[in-house]
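# Secondary and tertiary structure notes
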Amino acid sequence: QVQLVESGGGLVQAGGSLTLSCVASGRTFSNYGMAWFRQAPGKEREFVAAIGWRGSTTYYADSVKGRFTVARDNAKNTVWLKMNALKPEDSAIYYCAAEQYSSAQAMARSNLDYWGQGTQVTVSS
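Residues numbered from 1 in each chain as written. Predicted model: local features only at pLDDT ≥ 70, side-chain atom pairs only at ≥ 80, totals over all residues. Heavy atoms only, no water.

Looking only at helices and strands, one finds zero helices and 11 strands in the protein chain. Shown N-terminal to C-terminal, the secondary structure of the protein chain runs as helices and strands in the order β-β-β-β-β-β-β-β-β-β-β. Taken over C-alpha atoms, the radius of gyration comes to 13 Å for the protein chain, in line with the 14 Å a tight globule of 125 residues would show. Along the first, second and third principal axes, the C-alpha set of the protein chain runs to 40 × 25 × 25 Å. Burial statistics for the protein chain: of 125 residues in total, 45% are counted as buried. In the protein chain, of all internal contacts separated by at least 6 residues, the share reaching a separation of at least 24 is 59%. Entry remark: accessible area of the protein chain is about 6500 Å², with carbon and sulfur atoms responsible for 45%. Treating the 12 positive side-chain charges of the protein chain as one cloud and the 9 negative ones as another, the clouds have centres 6 Å apart. (Helix = DSSP H or I, 4+ residues; strand = E, 2+ residues; numbered from the N terminus. Rg over C-alpha atoms; globule rule 2.2 N^0.38 Å. Buried < 20%, exposed > 50% of the residue type's maximum accessible area, 1.4 Å probe, protein only. Contact = heavy atoms within 4.5 Å. Areas by Shrake-Rupley, 256 points an atom, 1.4 Å probe, with all protein chains shown as cover. Lys, Arg positive; Asp, Glu negative; His and termini not counted. Charge placed at Lys NZ, Arg CZ, Asp CG, Glu CD.)

Take a look at the structure:
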């Protein structure tokens, strides 16, 4: 019932910034917690950030805390991941994910209900 489309990936130098967007289908976007994950070649999928279905709380992986910000606009059915002070180890395919009535912290797991196709982020040194 929910389709997710990511965009905004690209090539950026270390220390730079990039903002990713995820647009969701449907009219009940506000009922879903939203999260960002990433996967680099040869590595496991990794949790990055999440925002709860009420939009009142956020949760971040330690590796990105203080550098990345997740936000949502329910009127636009959109969630953003604002990435600052990028490092080469941030290079990965970034995916957005959704699960109904999920809190931010509860979304730090791999078996969420809905996933986008991903967008590539490459950080050069």
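Before going further, it helps to examine the sheet that holds strand β1 (residues 4–7). Two strands in a sheet stick together by hydrogen bonds in their backbones, pointing the same way (parallel) or opposite ways (antiparallel). Strand order in the open sheet made by the four strands is β1-β3-β8-β7, with antiparallel pairing throughout. Sheet topology places β1 and β7 (68–73) at the edges, where each strand pairs with a single neighbour. On average, each strand axis in the sheet is inclined to that of its neighbour by 15°, with strand direction left out of account. (Pairing = 2+ DSSP bridges. Axes fitted to C-alpha atoms, helices over the stretch in contact; angles between N-to-C directions.)

Scanning the entire structure with this criterion turns up six salt bridges. Here Arg38 makes a salt bridge to Glu46, at a shortest N to O gap of 2.9 Å. The shortest N-O distance in the salt bridge between Arg109 and Glu99 comes to 2.1 Å. Here Glu99 lies in strand β9 (residues 92–100) and Arg109 lies in the loop between β9 and β10 (114–115), a separation of 10 residues in the sequence. Here Arg109 falls in the partly exposed class, since its relative accessible area comes to 28%. Each of Arg38, Glu46, Arg67 and Asp90 takes part in one network of salt bridges that share partners. (Salt bridge = Lys/Arg side-chain N within 4 Å of Asp/Glu carboxyl O.)

This is a description of form; function is not addressed.
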